[in-house]
Amino acid sequence: DLHSFPTQRSSDLEENLLTALTETLGHKHRDTLRKQIEAVSKVQRILGWAEIDLYVMRGRRVCWDDVPKFFDDREFTLARASTVVNGTRIQSELSCVGGHFFSIESNAPIKPLAFRRDIQLELLDVDARFV
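Keep in mind the model is a prediction, meaning the values are calculated, not measured.

Quick question: what am I supposed to make of the overall build of the protein here?
Per the secondary structure count, the protein includes two helices and eight strands. Along the protein, helices (α) and strands (β) appear in the sequence α-α-β-β-β-β-β-β-β-β when read from the amino end. Compactness check: the protein gives a C-alpha radius of gyration of 14 Å against a globular reference of 14 Å for 131 residues, within 12% of the reference. Dimensions of the protein along its principal axes, counting C-alpha atoms only, are 40 × 35 × 25 Å. Considering only intrachain contacts with a sequence separation of at least 6, the fraction spanning at least 24 residues in the protein is 62%. In the form shown here, the protein has an accessible surface area of approximately 7000 Å², with 47% of it arising from carbon and sulfur atoms. In the protein, which carries 18 positive and 20 negative side-chain charges, the distance between the mean positions of the two groups comes to 3 Å.

Shown next, in the form of structure tokens:
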């Protein structure tokens, strides 16, 4: 259990995606991702949760200064995932910006499925630099 999103309850789908991603990464990168997730203090879910953005807030401003970074500080896709719930398949991209895990963007709203317990998840195309 990652105990992610300390200020907001995360959904089963979010937890499953982040757990699968964390378990797939190499040891060094796994620790960095865990520290990044633990630092998150704001989760913005928009468009029926088709986009979920993670922030570390200090007061009213975004501040990742004291949070460990990945070696690549460009914007890139860390992994892709396929989620199936009751025959519905949703594709998601898990992306980083500025050296930090930042977003889960899906091709359909995940809110209707987010708290289902019968989620089947497959992590695809994990960036080989981080495995």
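From this point, the discussion proceeds with the structure in view.
Is there a simple way to explain the packing of helix H1 (residues 12–24) against helix H2 (residues 27–39) in this structure?
Angle between the axes and distance between the axes: these two values describe a pair of packed helices. One way to put it is that H1 packs onto H2 with a least axis distance of 8 Å and a crossing angle of 150 degrees. Classified by the angle their axes make, H1 and H2 are roughly antiparallel. Read as a crossing pair, H1 and H2 show a hand that is left-handed. The residues of H2 that touch H1, namely those facing Leu18, Leu21, Thr22 and Glu23, are Arg30, Leu33, Arg34 and Ile37. Residue composition of the contact of H1 with H2, grouped by class: four nonpolar, one polar and three charged.

What's the story with the pairing of strand E2 (residues 51–55) in this structure? I'm lost.
Burial within E2 is extensive, with four of its five residues counted as buried. Bridge count for strand E1 (residues 42–46) against E2 is five bridges, and the pairing is antiparallel. Bridge pairing links Val43 to Leu54 in E2. Connecting E1 to the antiparallel partner E2 that follows it, the hairpin turn spans four residues, and Leu47 within it adopts a positive phi of roughly 55 degrees. Bridge count between E2 and strand E7 (residues 100–106): three bridges; the pairing is antiparallel. The residue bridging Asp53 from the neighbouring strand is Ser103, located in E7.

I tried to follow H1 on my own but got confused; where do I start?
Side chains of residues three or four places apart in an α-helix project in the same direction, reflecting 3.6 residues per turn. Compared with the 18 Å implied by 1.5 Å per residue over 13 residues, the 18 Å span of H1 between its first and last C-alpha is a close match. Of all the residues in H1, the buried ones are Asp12, Leu13, Glu14, Glu15, Leu17, Leu18, Ala20, Leu21 and Thr22.

Any chance you could explain the nonpolar core here in plain terms?
Nonpolar side chains in soluble globular proteins tend to end up buried together. With 31 residues, the main nonpolar core has Leu21, Leu33, Ile52, Leu78, Leu94 and Phe101 as its most contacted residues. When sequence neighbours within four positions are dropped, the list of residues in contact with Leu33 reads Leu21, Thr22, Leu25, Phe70 and Phe101.

Looking at this structure, I do not really get the sheet that holds E1. What am I missing?
In any sheet, the strands associate via hydrogen bonds between backbone groups, in a parallel or an antiparallel arrangement. Pairing is antiparallel in the open sheet, where six strands are placed in the order E1-E2-E7-E6-E5-E8. The strands lining the two open edges of the sheet, one partner per strand, are E1 and strand E8 (120–124). Each strand axis lies, on average, 20 degrees off the axis of its neighbour in the sheet, ignoring direction. Here H1 sits on the sheet in contact with E1, E2, strand E5 (76–85), strand E6 (88–97), E7 and E8, set at roughly 40 degrees to E8.

Definitions and limits used
Residues numbered from 1 in each chain as written. Predicted model: local features only at pLDDT ≥ 70, side-chain atom pairs only at ≥ 80, totals over all residues. Heavy atoms only, no water. Helix = DSSP H or I, 4+ residues; strand = E, 2+ residues; numbered from the N terminus. Rg over C-alpha atoms; globule rule 2.2 N^0.38 Å. Contact = heavy atoms within 4.5 Å. Areas by Shrake-Rupley, 256 points an atom, 1.4 Å probe, with all protein chains shown as cover. Lys, Arg positive; Asp, Glu negative; His and termini not counted. Charge placed at Lys NZ, Arg CZ, Asp CG, Glu CD. Axes fitted to C-alpha atoms, helices over the stretch in contact; angles between N-to-C directions. Parallel < 35°, antiparallel > 145°, perpendicular 65-115°, else oblique. Left-handed = near helix turned anticlockwise from the far one by under 90°. Nonpolar A, V, L, I, M, F, W, Y, C, P; charged D, E, K, R; others polar. Buried < 20%, exposed > 50% of the residue type's maximum accessible area, 1.4 Å probe, protein only. Pairing = 2+ DSSP bridges. Expected span 1.5 Å × (residues − 1). Core = buried A, V, L, I, M, F, W, Y, C linked by side-chain atoms within 4.5 Å.

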